[in-house]
Amino acid sequence: MITTGSKYFYGVTALATIAMVLYMLFVNPNDIGTVALGSLASAAALLGGLTSFTRDSTAHTAKEAVATAEQPAPAAVWPLIVAVGIVMLVFGLATNPIVFVLGIVALVAGGVEWLVQDYASRASADSTFNSQLRGRLLHPLEFPVAAAVIVGIIAISFSRIMLNISKSAGAIVFIIVSSLILIVGFLVALKPNMRGRAVGALCSVGAVALIGAGIVTGISGERAELVEAAEEDHYSHMECGAEADKYFDKHPNNAVSLKSATLATITVRDGKAVATLSGLDTPVETVTIPRSNNVQVLFRNMDAEEHRLVAELGEKPVADTGVKEKVEQCTQLTGEDQVNVLTLNIPKSSEAAGPYKFIVPGLEGQAIEVYVP
Amino acid sequence: MAIIERPSTELEVSNTPSVVAPSTTLGNLRRPVQSTGWKSWLFTVDHKKIGIMYGVFAMIFFIIGGVEALLIRLQLAAPDGKVLSADLYNQMFTMHATTMVFLFAMPMAAAFANYFLPLQIGARDVAFPRMNALGLWFLVVGGLVLNAAWFLGGAADGGWFMYAPNSGPVFSPSNGVDFWTLGLQIAGLGSLIGSINLIVTVLNMRAPGMTMMKLPVFTWMILVVQFLLVFSLPVITVALVLLMFQRSFGATFFDVAQGADPLLWQHLFWIFGHPEVYVLILPAFGIISEVLPTFSRKPLFGYPFVVFSGGAIGFVGFGVWAHHMFAAGLGPVSVAVFSVATMAIAIPTGVKIFNWTLTMWGGKIWFTTAMKFAIGLVVLFTIGGLSGVTHSVAPSDTQQTDTYYIVAHFHYVLFGGMVFGLFSGFYYWWPKMFGKMLNERLGSWNFWLMFIGMNMTFGPMHILGLQGQPRRMYVWTEARAGEGFFNLGFWNLISSIGSFVLALGVLFFLINVVQTARKGKQAPFDPWDARTLEWITTSPPKEHNFDRIPTVHHLDEFFHRKYVEDEATHTMKAIATGEEIVRNEEANAESHIHLPSASYWPLVLAIGVGVLGLGVLYGVPIMVLGAAIVLLSSFGWVMEPSVAEDSDYDPPAGGTSKELASHG
Amino acid sequence: MSRHAMSARNARRVRALAITTLVGASMFLAGCAKDAPQDVFQPKGENAADINNLQYMVFGIAGVVGVIMTVLFVVTMTKFRDKGQPIPEQSHGKPALEITLTIIPALILSVVGVFTFRGVFDLAETKDTELVINVTGQQWWWEYDYPVQGDWGIDKPIITSGQLVMPAGTKVLIRETSRDVIHSYWIPALNGKRDAVPGRIHTLRLHADNPGIYAGQCTEFCGLSHANMRMEAVALSNEDFATWVKNQQAAYKAPQKDSLAEQGEAVFLNQCVRCHQVNGLKKPDGTAAIAAPDENVYAGAAPNLSKFMSRNTFAGAVWDLLKKECRGNVWDAKSEEFGAKYLEGVSADCLNEVDLRRWLRNAPAMKPMYADPTKLEPTDGKYRGMPYLALSESDIDKLVAYLLTLK
């Protein structure tokens with residue numbers, strides 16, 4: 001198990017570990033020297049383990065060594081990739097971090113592939129067996145990584161396209177492309193004798209189109225409305241007045257689900273706002289809300305006109321300016337026979353920071369007092 | 001394999017360069033095909049070994065959960081107890097319940113199901129052997145994650161029901177609840193995998209002639225349980241995912257200030273939680289449905305009724321969850337409907353009790369330990385079931401819920417029901433699994449101590465609850481304990497003493513196990529003159545179970561091969577013994593037997609999922625590592641053939657190897 | 001030992017056990033605590049009585065069924081034990097018998113179901129409510145606020161905690177909610193329990209036949225001190241309740257000048273007013289002293305201490321304000337005399353100084369709470385429960401004197 005080659009690596013591990021310990025004790029446990037020596041020890045241990053595991057990649061008997069030596073080395077692209085990787089790595093240090101990262105990826109991937117291919121090619125004289133061996137080692141790595149990468153490329157390209165074109169254009173593109181894939185797939189399935197090359201060509205065309213479009217639209221950027229919405233934070237604009245707000249009231253909630261056992265329901269009927277408390281039938285003029293309690297108040301509009309419910313919850317000083325601003329919470333505009341909900345939490349009592357009330361903008365004199373004891 | 005290898009320095013000169021066959025230079029890439037030693041257990045896909053491992057782990061967790069219970073009872077033996085602090089007590093009762101339900105009861109049922117379901121249907125293994133192993137390792141990893149919390153900042157402390165918003169990051173700031181959600185998600189995945197496996201096995205791998213209505217009742221109950229799991233586990237997984245996202249990634253699913261309703265958690269939990277209790281009890285029902293007929297020497301009374309009532313329980317069990325929420329403010333309509341539905345589900349359960357009793361009626365009862373435990377189940381479950389019926393009356397339940405009366409009810413049905421059923425299974429099936437008979441005298445001590453201890457511990461809890469002691473309190477006080485000698489203090493003390501008697505009973509079982517392993521009596525193939533297919537095997541069964549897959553002509557096929565009924569006198573005449581039948585099968589053994597080979601991947605994948613889970617708590621790089629392990633091992637698994645290549649064996653198979661030869 | 005003899009011996013053992021069990025069970029049923037304060041079988045109001053009737057019905061049925069099944073088991077096990085008889089006839093079942101045995105329980109349960117259905121809706125009735133009280137649970141105490149209800153003399157909202165004072169013989173509706181986690185309000189003598197869920201309002205009827213004090217407990221696990229979250233319902237006759245209401249709404253009485261209590265008022269303004277409100281208390285500059293628990297407590301409220309000594313438990317109703325000698329006078333008083341005794345409140349010679357001082361000295365040591373100032377990060381630096389205030393003994397003396405004036 002401890003082969004000749006691995007002896008070297010284990011030796012390096014042992015020495016590096018001793019050196020690291022001495023360094024920590026006598027110099028400085030917290031600086032780069034410790035890290036460097038520790039990394040050297042770990043790397044050497046890993047390499048030592050690999051060497052033991054593969055038994056120095058040596059054949060068991062001299063007879064086999066003779067046999068494998070007769071094999072010419074197969075053509076390989078991996079040395080080229082490793083070289084490219086090194087160059088990109090160095091290049092990227094000077095220019096773009098992305099290039100640097102890609103260089104590292106190429107280096108590692110190429111290095112691993114090269115290593116395994118070489119090991120496999122010297123395992124025996126039978127090249128079929130060798131390629132099977134290589135496959136057995138690397139396919140569990142190659143397939144999932146390749147799959148992840150391909151899925152990632154498709155997803156990203158497609159999403160760039162969808163984010164760039166307008167919503168209606170996006171729907172049309174989606175329908176067309178998916179139908180195309182379905183039809184082509186259908187035709188290919190109907191013709192089992194179709195040459196692999198033809199299918200491969202079709203897929204390549206599709207891939208090039210997708211990736212190309214993805215790059216173009218990715219550079220062009222998201223469509224204007226999305227950019228604007230993110231920058232200006234549209235959906236948090238709340239105009240608690242009677243008129244509709246351009247963004248807050250877009251697609252208002254039409255119904256409220258899973259809201260039972262609410263504190264009170266405020267119903268607008270025939271221009272009047274009436275409050276009823278849960279558990280009691282008769283309407284009340286004052287709604288009592290315990291302080292600092294998260295409570296839900298339902299708002300139901302039975303009138304044809306759209307209304308919203310506004311909770312006026314006193315004033316709060318704006319930070320550092322001493323100016324006081326009104327604290328308001330409101331629902332979206334609620335249509336006829338629709339329900340909305342307000343979740344309130346009033347930390348200070350009415351005496352301290354009140355008075356509080358519910359109003360329905362547009363209906364005069366329909367204020368409902370809120371009392372926080 | 002020498003530690004230090006030196007390459008040979010000989011040079012053989014050969015005239016003709018020959019093509020050399022590939023040699024075994026693959027290092028550790030061989031599959032772990034050893035049939036003895038620790039590797040044969042760690043990487044096995046054999047349902048019998050997996051079943052035994054499920055059982056061992058379940059037993060370990062039973063003892064851990066039991067110690068937690070003993071600590072609870074020590075704390076509550078006297079008023080204002082000082083054994084556990086409030087924080088530690090809350091962790092203790094949370095972990096006791098979680099451990100007992102998810103890490104003991106479900107895996108122990110899985111142990112029996114894994115071992116005996118394939119044997120009872122005449123199969124050689126389950127449909128997906130590697131998935132079977134994966135389910136086991138998911139349980140182990142999940143259990144480790146769950147209990148790791150004890151050492152990493154405190155275990156979960158929100159109760160096993162973990163109601164929101166108390167479970168949120170504000171009110172349960174320690175990491176315990178995070179470990180809880182992760183551990184349960186992993187263990188739950190294991191059960192889900194197992195359930196799909198067993199459903200496919202029962203539907204597709206029955207022996208020739210075994211129709212569904214000739215399945216043994218144990219197999220039927222397990223099948224119903226797997227369907228319950230398939231439909232209920234996803235619900236709790238959803239709930240756990242929502243909670244995990246709230247705690248670890250800032251979501252607001254249960255944040256009331258953002259408009260959430262805490263009852264969402266309760267509904268999600270109990271839609272899983274109620275079918276879960278049937279998941280726990282039905283396997284025990286199945287076990288005693290085998291034990292009672294065997295030791296009464298009569299078939300199960302009303303087989304179709306028992307089977308259909310099991311199915312009915314499973315089905316209606318999805319419609320009664322809100323009886324755990326009668327006081328939760330659902331409103332009178334929901335409460336009334338669920339109350340009536342809960343009464344309805346008492347009926348199929350009652351049917352079973354009648355059927356078991358009528359099985360014994362007119363029989364020839366042999367009081368072995370297994371039979372005692374089975375009868376114990378019938379008696380204790382009746383008590384627990386009747387107290388359950390008193391809960392179904394919703395207004396009455398608003399007085400009883402969250403008091404010790406409920407604790408009494410579910411311990412009677414779970415301990416007196418499920419645990420007694422499992423112990424019955426131990427004594428009944430031990431000879432078959434291990435080839436040795438458990439000692440009957442020790443078994444008697446085991447049974448009586450457990451029976452007396454159980455009643456001493458949980459009987460008084462009925463009184464405690466009805467006289468006003470709520471649950472989940474780390475102390476109780478004299479002020480609320482009432483006057484007189486038999487006040488709440490007295491019954492609390494009796495209950496605590498009883499718990500130690502119970503523990504002593506369990507200890508006797510462990511002693512019995514050790515004793516039997518060392519010098520137990522050799523077991524014949526058919527020690528109990530039993531009725532079902534699993535007994536047509538050696539004790540323990542060979543790796544391939546049956547030398548020849550039996551053809552089934554009757555319900556209780558084995559019994560019908562041993563006895564025929566004399567038409568005139570209606571008496572049973574023995575025509576063969578169990579021994580003879582097994583030897584006959586050996587003589588007619590099939591020549592080509594294919595078995596799947598062991599594999600590393602289930603264990604590696606399970607570890608990967610564990611790492612992934614821990615990454616949720618400890619940082620994205622660990623999550624990435626875990627995801628990488630999961631991804632790679634999934635692909636490794638998929639690309640691995642189910643049977644190992646010949647070159648993996650040492651020496652290579654097909655020669656004079658002692659390993660099981662694999663053909664084709 | 002032959003299977004035969006072993007079965008016979010076991011059958012004898014079974015019989016012995018059955019007899020022991022029956023004897024034990026009867027002892028069991030007789031062995032209940034007398035006057036357990038939270039006994040569910042001693043209803044003291046009409047809602048609890050309705051539940052009790054249902055309970056007796058279903059427990060009775062369960063008991064009868066239990067006895068029948070026990071007899072059946074014992075007979076089966078003794079009569080059919082292995083006495084050497086041949087293998088019995090392999091009967092597979094009698095469908096007629098089984099169907100009968102299915103129908104009988106179904107019929108019994110239908111009857112129970114009908115009564116249950118009616119009971120559920122009766123108990124959920126809120127239309128005939130006579131008085132409404134809002135109940136808010138918080139870790140680990142209960143707050144009550146009485147909304148304005150002129151019929152009862154409540155012209156200004158009243159806030160109390162711990163003891164829910166209500167008129168006897170009245171259909172009271174409590175509307176429960178919570179500020180933080182789920183709690184549950186349970187006064188067994190008056191009704192079943194109802195969970196107090198944050199963000200929701202649940203209603204529960206309380207009705208007490210006679211004046212008296214009825215014990216209760218939080219019954220939904222709510223964290224560290226769930227065991228230390230108790231309450232009582234105090235029922236008073238209508239006149240006594242009117243007196244109580246008037247007293248709660250009475251103006252604040254500042255302590256006598258230059259008394260220890262006045263110094264206590266200063267300490268209170270210094271330390272306690274951060275969280276605890278006393279209505280009418282004024283700061284030295286004459287402005288009202290308004291407590292700001294929303295700045296110091298995570299759930300945003302602390303018990304209101306106006307008229308503190310008009311109730312006789314504190315700290316989540318876990319400790320008595322009355323000394324042991326005086327407690328019996330109030331708690332065990334007969335219904336007719338109870339109201340007057342309760343309205344006396346707590347006086348200096350009856351005050352349980354030991355526990356009150358311990359609480360003021362170091363509250364977290366008495367009741368586990370999240371009050372460690374170094375561990376408040378999950379709650380944005382706010383407390384859950386009362387912190388350790390490091391008060392000096394003389395400050396405690398002053399505070400006790402001051403608190404005694406809050407009546």
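Structure's up top.
Since we're looking at a predicted model, the values are computed, not measured.

1. Let's talk about the interface of chain C and chain B
Accessible area lost upon the coming together of the parts serves often as the stated size of an interface.
Now for step 1: Across the contact, 101 residues belong to chain C and 108 residues belong to chain B.
Now for step 2: Of the roughly 9000 Å² buried at the junction of chain C and chain B (both faces included), carbon and sulfur atoms supply 69%.
Now for step 3: Viewed at the interface, chain B and chain C are joined by four salt bridges.
Now for step 4: A salt bridge links Arg-200 of chain C to Asp-261 of chain B; the nearest nitrogen and oxygen atoms lie 2.7 Å apart.
Now for step 5: For the interface between chain C and chain B, the tally reads 26 residue pairs in polar contact (both at pLDDT 80 or more).
Now for step 6: Secondary-structure elements contributing two or more residues to the side of chain C that touches chain B are α1 (3–30), α2 (46–79), α3 (95–123), β7 (194–196), β9 (212–217) and β10 (230–236) of chain C.
Now for step 7: For the side of chain C that touches chain B, the element with the highest residue contribution is α3 of chain C, accounting for 16 residues.
Now for step 8: Looking at side-chain class alone, the side of chain C that touches chain B contains 53 nonpolar, 29 polar and 19 charged residues.

2. Quick word on the environment of Lys-191 of chain A
Residues and elements named next belong to chain A.
Now for step 1: For Lys-191, the location among the structural elements is in the loop between α7 (167–190) and α8 (196–220).
Now for step 2: Judged by relative accessible area, which is 54%, Lys-191 ranks as exposed.
Now for step 3: Spatially, the C-alpha atoms of Lys-191 and Arg-308 are 62 Å apart, while their sequence positions differ by 117 residues.

3. Digging into the packing of aromatic side chains
Now for step 1: For the coordinates displayed, the defined rule picks out 75 aromatic pairs over all chains.
Now for step 2: With a centroid separation of 5.1 Å and 85° between ring planes, the pair formed by Phe-93 of chain B and Phe-221 of chain C is classed as edge-to-face. On the criterion of chain membership, the pair formed by Phe-93 of chain B in helix α3 (residues 86–120) and Phe-221 of chain C in the loop between β9 and β10 is interchain, its members lying in two chains.
Now for step 3: According to the relative accessible area criterion, Phe-93 of chain B is buried, its value standing at 11%.
Now for step 4: Lying across the ring of Phe-559 of chain B, Arg-531 of chain B places its NZ or CZ 4.0 Å from the centre.

4. Re the environment of Gly-11 of chain A
Now for step 1: Tracing the chain through its elements places Gly-11 of chain A in helix α1 (residues 4–26).
Now for step 2: In sequence terms Gly-11 of chain A and Tyr-119 of chain A are 108 residues apart; their C-alpha atoms lie 23 Å from each other.

5. A look at the sheet that holds strand β6 (residues 324–330) of chain A
Remark on secondary structure: sheet strands pair via backbone hydrogen bonds, oriented parallel or antiparallel.
Residues and elements named next belong to chain A.
Now for step 1: With mixed pairing, five strands are arranged side by side in an open sheet as β3-β9-β8-β5-β6. Here the strands that pair on one side only, and so sit at the sheet edges, are β3 (286–288) and β6. Sheet twist, expressed as the average angle between the axes of neighbouring strands with direction ignored, equals 30°.
Now for step 2: Sheet topology note: the strand β5 (residues 310–317)/β6 ladder contains six bridges and is antiparallel. Directly across from Glu-315, in β6, lies its bridge partner Lys-326.

Calculation criteria
Residues numbered from 1 in each chain as written. Chains lettered and ligands numbered in written order. Predicted model: local features only at pLDDT ≥ 70, side-chain atom pairs only at ≥ 80, totals over all residues. Heavy atoms only, no water. Contact = heavy atoms within 4.5 Å. Buried area = accessible area lost by both parts, 1.4 Å probe. Salt bridge = Lys/Arg side-chain N within 4 Å of Asp/Glu carboxyl O. Polar contact = N/O pair within 3.5 Å; in protein donor to acceptor, adjacent residues only side chain to side chain. Helix = DSSP H or I, 4+ residues; strand = E, 2+ residues; numbered from the N terminus. Nonpolar A, V, L, I, M, F, W, Y, C, P; charged D, E, K, R; others polar. Buried < 20%, exposed > 50% of the residue type's maximum accessible area, 1.4 Å probe, protein only. Phe/Tyr/Trp six-rings, centres within 6.5 Å; stacked < 30°, edge-to-face > 60°. Lys NZ or Arg CZ within 6 Å of the ring centre and 35° of its normal. Pairing = 2+ DSSP bridges. Axes fitted to C-alpha atoms, helices over the stretch in contact; angles between N-to-C directions.

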